[in-house]
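What follows is the residue order along each chain.
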Amino acid sequence: MATHRIYLYPIWIRIWHIINAITFLLLVFTGIALHYATTGTGLIKFETAVNLHNICALLLTFNYGFFVIGNIISGNGKYYKGWKKDMTDNLWTQAKFYISGMFKKESHPFAINKERKFNPLQKISYVAVMYICMPLIIISGLGLMFPETIIGQIFKVSGLALTDFLHQIMAFVLLIFLLVHLYTCTLGDKPGTLFKSMINGYHEEHE
Amino acid sequence: MTKPIRFFLILLLAATSTLIAQSDDSLKIKSSYFEVNDFVEDNEACLKCHGEEKYLIEDPNSGRSITNHMCPDRTIDRDAFYSSVHKAFSCTDCHSYDFMTFPHPLEVRFEEHFMCLDCHGYDESFAQYHFEDIEMEFQKSIHNMEDFSCWKCHDPHSYKAFMRNAEDLTEAILYDNNMCLKCHANFSRFTLLTDREEINVVKSHEWLPNQTAHFKSVRCIECHTAISDSILIPHQIMPKADAVKRCTECHSRDSRLMHTLYKFQSKEERKGGFVNGVIMTDYFVIGANKSPFLDKLSFLILAGTLLGIAFHTFLRIRNKKTK
Ligand code: HEM
């Protein structure tokens, strides 16, 4: 059985990704600590949580800028573009594969190659996450960091409160994404295959 | 210039200057003052000096006069006075008649002032203010030292019951904090009462992040007083070692702000199902505002996701075995 290797994850993507993953996990942890702050001593002190959250947020923000610019100049952005009319059909085809096809030993409906790094479900979720959720969580987070930039009141509700809700909701959506993301990353050839790809850059598949 | 024209010009100048002088005067004494106070004219006997930046000293014997500067500490703002809680008073209700003479004689400088309790103590009509309880708290306060009286914070000529009637919380917070900063940001007042070295409030609070934002949205007394349930404004300033330093005293579900700053409003029902909903109109305190509904909903979605993943894993494992 020959193994088919394609170089899909250039080094800068891998560096971006590891920083992204670490800061994001810390942000989830400290964010939950802030949200469920109690007067007793919790897992982490409130001050520490605030500081750590702020530092990670800034790192993540710069890292995000790195990702966006990198995608533009390196051409990696092409994997995030190009929506055909049969998109809904493709999404359904991919979903059907996860629900039943893969248990019947059917082959992947969308082969991974240099032209197509992501299957339709991956593509739509990565685009939604990277180009909708991330900007929203970053902008709302910066608003909270510099509260003087936020509108005072909107219909009798503090602008800060609205900003914070947007922030929390986005954080939650991203958390759900992360869980699903981690799980789908075990759906490679072997559970660990895709994680290995994210380390050495090569996508591996049995012919 | 011919003589008649020059004469006419001088006349015109004189006329306009008296006109300006007149309008100036009538601007200073507003008609609204007469609606709240029956002694406006009498008070002018004092305010003609104490309401101005400068005053005139006249020597009736020689007819000479000089203009002097009125020290800002002795200046009273008419607008502030006639909108304060004691707006209906005449100066001589609280001050001796002997101040009518100038220079003010020596013995009136030792006049005993009435204290709040002298007029307000055990009076049914002021029961809602709990003057007696406040007095007790003040006795225990670190400010309870010689020459420090209620008047030091409650400016006799401008004090308003601001917080109680506040429309805008931010404004009330500013007002209350300025009461403290009158001394704690002004060493000359501070040193009048103590020999201690200057306390730099900004430096003492460097541990507090977003200091400006905090001082705009909480009062000094939030952290420096013991919570009191019976009175609206806690008055027992504790030694600095007992001041609130733990962030979660405010940034948590059972935020102390609900017992101090937001006391009045907190009696309202929860707004829109949010815990500590009142905070939301003007402020948002991380950790103190949460929606139980959203919390539950997100928990359900999270559990659903994990279940889905577990089920899929189970199918994969079973599938592998039955290969
Ligand atoms: C919320 C945080 C995360 C975001 C937003 C995110 C996003 C992404 C994106 C956009 C890609 C595609 C990169 C490309 O253009 O090639 C990717 C790939 C990958 N990520 Fe993440 N990631 C996150 C966290 C994690 C974590 C914590 C892990 C594992 C510890 C992980 C494992 C992987 C793996 C193995 C791949 C390659 C497989 C694939 O292409 O689907 N990710 N991630």
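Model, not experiment: these values are computed from the prediction. (Residues numbered from 1 in each chain as written. Chains lettered and ligands numbered in written order. Predicted model: local features only at pLDDT ≥ 70, side-chain atom pairs only at ≥ 80, totals over all residues. Heavy atoms only, no water.)

Draft legend 1. Summary view of the overall build of chain A. Per the secondary structure count, chain A includes six helices and four strands. Put simply, chain A runs from its N terminus to its C terminus through helices and strands in the order β-α-α-α-α-β-β-α-α-β. Burial analysis of chain A (207 residues in total) assigns 40% to the buried set. Of the contacts made within chain A by residues no fewer than 6 positions apart, 67% connect residues no fewer than 24 positions apart. Summed over all atoms, the accessible surface of chain A reaches about 11,800 Å², with 71% contributed by carbon and sulfur. (Helix = DSSP H or I, 4+ residues; strand = E, 2+ residues; numbered from the N terminus. Buried < 20%, exposed > 50% of the residue type's maximum accessible area, 1.4 Å probe, protein only. Contact = heavy atoms within 4.5 Å. Areas by Shrake-Rupley, 256 points an atom, 1.4 Å probe, with all protein chains shown as cover.)

Draft legend 2. Focus on the overall build of chain B. Scanning chain B from terminus to terminus reveals 16 helices and two strands. Expressed as a percentage of its 323 residues, the buried residues of chain B come to 31%. Put simply, 52% of the contacts in chain B that link residues at least 6 apart link residues at least 24 apart. Working note: accessible area of chain B is about 21,700 Å², and carbon and sulfur atoms make up 60% of it.

Draft legend 3. Representation of the pairing of strand β1 (residues 54–58) of chain B. All names here are of chain B. Examined bridge by bridge, β1 and strand β2 (residues 65–69) share five bridges and lie antiparallel to one another. Residue pairing for β2: Y55 is matched across the bridge by N68. Turn length for the β1-β2 hairpin, with the two strands adjacent in sequence and antiparallel, is six residues, and the turn residue G63 shows positive phi of about 75 degrees. (Pairing = 2+ DSSP bridges.)

Draft legend 4. Just the coordination of the iron atom of the ligand, in detail. Residue and element names in this part refer to chain A. Donor atoms from the polypeptide that bind the iron atom of the ligand are H17 (NE2) and H181 (NE2), placed at 2.0 Å. Classification of the site at the iron atom of the ligand as octahedral follows from its six donor atoms and the range of 87 to 178 degrees in their angles at the metal. Separated by 164 residues along the polypeptide, H17 in helix α1 (residues 11–35) and H181 in helix α5 (residues 159–184) bring together distant segments of the chain. For H181, a relative accessible area of 14% corresponds to the buried category. (Donors = N, O, S within 2.8 Å, 3.2 Å for Na, K, Ca; no water. Tetrahedral: all angles 85-135°; square planar, octahedral: opposite > 155°, others 65-115°.)

Draft legend 5. Focus on the layout of surface pockets. All names here are of chain A. Within this model, the second largest pocket holds a volume of roughly 1,100 Å³. As for the second largest pocket, its lining consists of 47 residues, of which H17, Y126, H181, C185 and M198 are closest to the centre. Of all the secondary-structure elements, those providing two or more residues to the lining of the second largest pocket are α1, α3 (87–99), α4 (120–145), α5, α6 (193–200) and β4 (202–206). Looking at the lining of the second largest pocket, the element that brings in the most residues is α1, giving nine residues. For the lining of the second largest pocket, a count of residues per class yields 30 nonpolar, 12 polar and five charged. (1 Å grid on protein atoms, 1.4 Å probe; cavity = no way out; pocket = protein on both sides within 12 Å on 5 of 7 lines; lining within 4 Å. Points joined across faces, edges and corners; volume = space filled by probe spheres on them. Nonpolar A, V, L, I, M, F, W, Y, C, P; charged D, E, K, R; others polar.)

Draft legend 6. A look at the nonpolar core. Ranked by size, the top nonpolar core spans 30 residues in total, and within it L8, Y80, V129, M130, M134 and L174 of chain A carry the most contacts. For this core, the elements supplying multiple residues, two or more each, are α1, α2 (46–74), α4 and α5 of chain A. Looking at this core, the element that brings in the most residues is α4 of chain A, giving nine residues. Every residue in contact with L8 of chain A, bar those within four places of it in the chain, is listed here: Y79, I112, N113, K114, K117, G201 and H203 of chain A. Ranked by size, the runner-up nonpolar core spans eight residues in total, among them Y98, Y183 and L187 of chain A together with I309 of chain B. (Core = buried A, V, L, I, M, F, W, Y, C linked by side-chain atoms within 4.5 Å.)

Draft legend 7. Molecular detail of the side chain of N71 of chain A. Residue and element names in this part refer to chain A. The topology assignment puts N71 in helix α2. A distance of 2.8 Å separates polar atoms of two side chains, one belonging to N71 and the other to N76. Among the polar contacts made by the side chain of N71, one reaches the side chain of Y131 at a distance of 3.1 Å. In this structure N71 touches W12, N76, G77, Y80 and Y131, once residues within four positions along its chain are discounted. (Polar contact = N/O pair within 3.5 Å; in protein donor to acceptor, adjacent residues only side chain to side chain.)

Draft legend 8. Structural view of helix α3 (residues 40–50) of chain B. Along α3 of chain B, the residues classified as buried are V40, N43, E44, C46, L47 and C49 of chain B. Against α2 (31–36), β1, α4 (78–81) and α5 (91–94) of chain B lie the buried residues of α3 of chain B.

Draft legend 9. Up close: the site of the ligand. Residues and elements named next belong to chain A. Taken together, 23 residues lie around the ligand, and H17, Y80, K117, Y126 and H181 are the ones closest in. The side chain of N76 places a nitrogen or oxygen atom 3.3 Å from an oxygen atom of the ligand. A distance of 2.6 Å separates an oxygen atom of the ligand from a polar atom in the side chain of Y126. For the shell around the ligand, the secondary structure elements donating two or more residues are α1, α4, α5 and α6. Among the residues forming the shell around the ligand, the class breakdown is 17 nonpolar, five polar and one charged. (Near = heavy atom within 4 Å.)

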